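So you can see what is in the structure, the chains are spelled out below.
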Amino acid sequence: MEGPEGLGRKQACLALLLHFLDTYQGLLQEEEGAGRIIKDLYLLIMKDESLYQDLREDTLRLHQLVETVELKIPEESQPPSKQVKPLFRHFRRIDSCLQTRVAFRGSDEIFCRVYMPDHSYVTIRSRLSASVQDILGSVTEKLQYSEEPAEREDSLILVAVASSGEKVLLQPTEDCVFTTLGINSHLFACTQDSYETLVPLPEEIQVSPGDTEIHRVEPEDVANHLTAFHWELFRCVHELEFVDYVFHGERGRRETANLELLLQRCSEVTHWVATEVLLCEAPGKRAQLLKKFIKIAAICKQNQDLLSFYAVVMGLDNAAVSRLRLTWEKLPGKFKNLFRKFENLTDPCRNHKSYREVISKMKPPVIPFVPLILKDLTFLHEGSKTLVDGLVNIEKLHSVAEKVRTIRRYRSRPLCLEMEASPHHLQTKAYVRQFQVIDNQNLLFELSYKLEANSQ
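Scope of this entry: the structure provided in the associated data block.

Rules of the game
Residues numbered from 1 in each chain as written. Predicted model: local features only at pLDDT ≥ 70, side-chain atom pairs only at ≥ 80, totals over all residues. Heavy atoms only, no water. Phe/Tyr/Trp six-rings, centres within 6.5 Å; stacked < 30°, edge-to-face > 60°. Helix = DSSP H or I, 4+ residues; strand = E, 2+ residues; numbered from the N terminus. Buried < 20%, exposed > 50% of the residue type's maximum accessible area, 1.4 Å probe, protein only. Lys NZ or Arg CZ within 6 Å of the ring centre and 35° of its normal. Lys, Arg positive; Asp, Glu negative; His and termini not counted. Salt bridge = Lys/Arg side-chain N within 4 Å of Asp/Glu carboxyl O. Contact = heavy atoms within 4.5 Å. Polar contact = N/O pair within 3.5 Å; in protein donor to acceptor, adjacent residues only side chain to side chain.

**Observations regarding the packing of aromatic side chains**
No. 1: Overall, the coordinates contain 13 aromatic pairs when judged by the stated rule.
No. 2: Measuring from ring centre to ring centre gives 4.2 Å for W272 and F435, while their planes differ by 10°; the resulting arrangement is stacked. With W272 in helix α10 (residues 257–279) and F435 in the loop between α19 (423–433) and α20 (441–455), the pair connects residues that are 163 residues apart, well separated along the chain.
No. 3: Given a relative accessible area of 0%, F435 falls into the buried group.
No. 4: Taking the centre distance of 5.4 Å and the plane angle of 80° together, the rings of Y310 and Y355 count as edge-to-face. Here the residue Y310 occupies a position in helix α12 (residues 306–316), and Y355 occupies one in helix α16 (residues 349–360), the gap between them amounting to 45 residues. The burial state of Y310 is the same as that of Y355; both residues are buried.
No. 5: Taking NZ or CZ as reference, K167 lies 5.7 Å from the ring centre of Y195, over its face.
No. 6: Just above the ring of F234 sits the side chain of R411; from NZ or CZ to the centre is 4.8 Å.

**Observations concerning the side chain of D305**
No. 1: Here D305 shows up in the loop between α11 (283–302) and α12.
No. 2: Summary of buried charges: D305 has no salt-bridge partner, and the nearest side chain of opposite charge, R265, is 8.5 Å away.
No. 3: Among all residues touching D305, those that are not within four sequence positions of it are L226, T227, H230, C300 and I367.

**Comments concerning the side chain of K396**
No. 1: Note on placement: K396 falls in helix α18 (residues 394–410).
No. 2: A distance of 3.1 Å separates a polar side-chain atom of K396 from the backbone oxygen of H381.
No. 3: Leaving out residues up to four positions away in the same chain, K396 has contacts with F247, L380, H381, S384, K385 and T386.

The analysis is restricted to geometry; functional conclusions fall outside its scope.
Structure representation (C-alpha cells):
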C-alpha cells in the first residue's frame, strides 16, 4: 500500500521492530530463528527507506541496533575463541572471583568438576546450556569409556548431591543444570548400582570452628564490597529473565542463568551470616559478631542495597542463630532496638508493606530484594489468565510490563562507591565474593546446641 496510509503502517511496523530489538538486544544472539527473521525484515525495510524519505531517521537507528546485537551475516572467517567464564564457587580461584561479572549466555563455556563415588573427579569444559546427556558424554570421553548403547548396565547417570546428603537424579534431556545447583551441591557421575553409595564431599560436612576473616575486616568494607558485587550481578540480569523465570516453569526456562545466580547469591549470603556466627566459639566474640552484622545490614540499607540487607537480616533470623539466647543477651540495647527495626522492615505482613514504602522513596541506583519481584510476577501470572475467550489479556500484560519498567528504573543510574585500592581492599573483595558457607540446616543446629551447652 502506497501513500500516507502505507507510510504510517510501515512506520508503525518499524517502531515495533525497534522496540523489540531495544528490549531483547544480546539475547537474540541465542535465537538463530529470531535473528533470521529480523535480517529479512531489515533488508525489506532498507528497500523501503529509499522510497520514503520520512523513514530515514528510524532506519538509521534500526541499523545501529542491528549492529549492536550482531545480527549481520558474518564474513567467512575463523570465529574468535570464547572466554571461559567462572561460575560461583568454581575452584575458588582468586583471579576468577576478582573479575568483573558479565552476563552469561547459554552458549558460554565454563569449566566444571564432575565427581565419582570415590570423590575423585574429572574436569570438563562445557556450554552453560549443555544437557545432562552432553555432560555425561564429556565425562565418558574423559574416563575413556567405550561408546556403547545407553542400555548397557554400567552406563553413567548424573546426580546432584547436596551437603545434606540429598540426591537428585538428573534426566538426560534436562539442560542448564549448572546454575540450578544448590550452594554446596556437586555433580556426581556414577552407575545405577552405585547411586545409593553417594555421599557429600568431606569438606562439605566437616566443620572446624574458630576465627575467620570476618573478625579482621571492618563492617563498612564488607558492606561496600557486598553492594558492589551484587550491583554487578543485578546489572547482568536482563529484565526478560524475570518474566521467563515465572512464565515458563522450572524446566522451560532458557535464558535465566544470571537471575538464578543472583538468587543463589542471596541464599549464600544468608547462610554465610549464620555460618560465621555459629563457627565463633567465644560468647563475647560472638556478641561482637552480631553487632558487626547489624552494622553491615545498616550500611547496606544506606547503600540502597536491599538484597544484601534482607539476606543479612534473614541470616541473623536463622533459627539456629536466633536461639542463642545467652549471646543475644550480651548485645547492647541500642543494637537490639536497631535489629528489631530491621525485622519490622523485612516483615512480610500486609504484603511487605514496610519494605514497599521504603523502596518507593529510593532513587536509582537501587538493588531490590529480587525474590519479592518474582513473587509479585508469580501472583500476576497465576492470578489471571493470559488468554480470555481467545483474546489476549492486555491488562495482565500491562501489569507485567510495569514490573519490568520498575526493574529498569532501579538500574537507570550507575552505582558509585568510593573504595580504596590496596592489598587489604583486594583481600576483602576476594573474601566477600567467595564465602565458605554451611547450607545444611541440621549441621547448623548441631553447632548451635554445642554453643549453648558450652555457655551454660
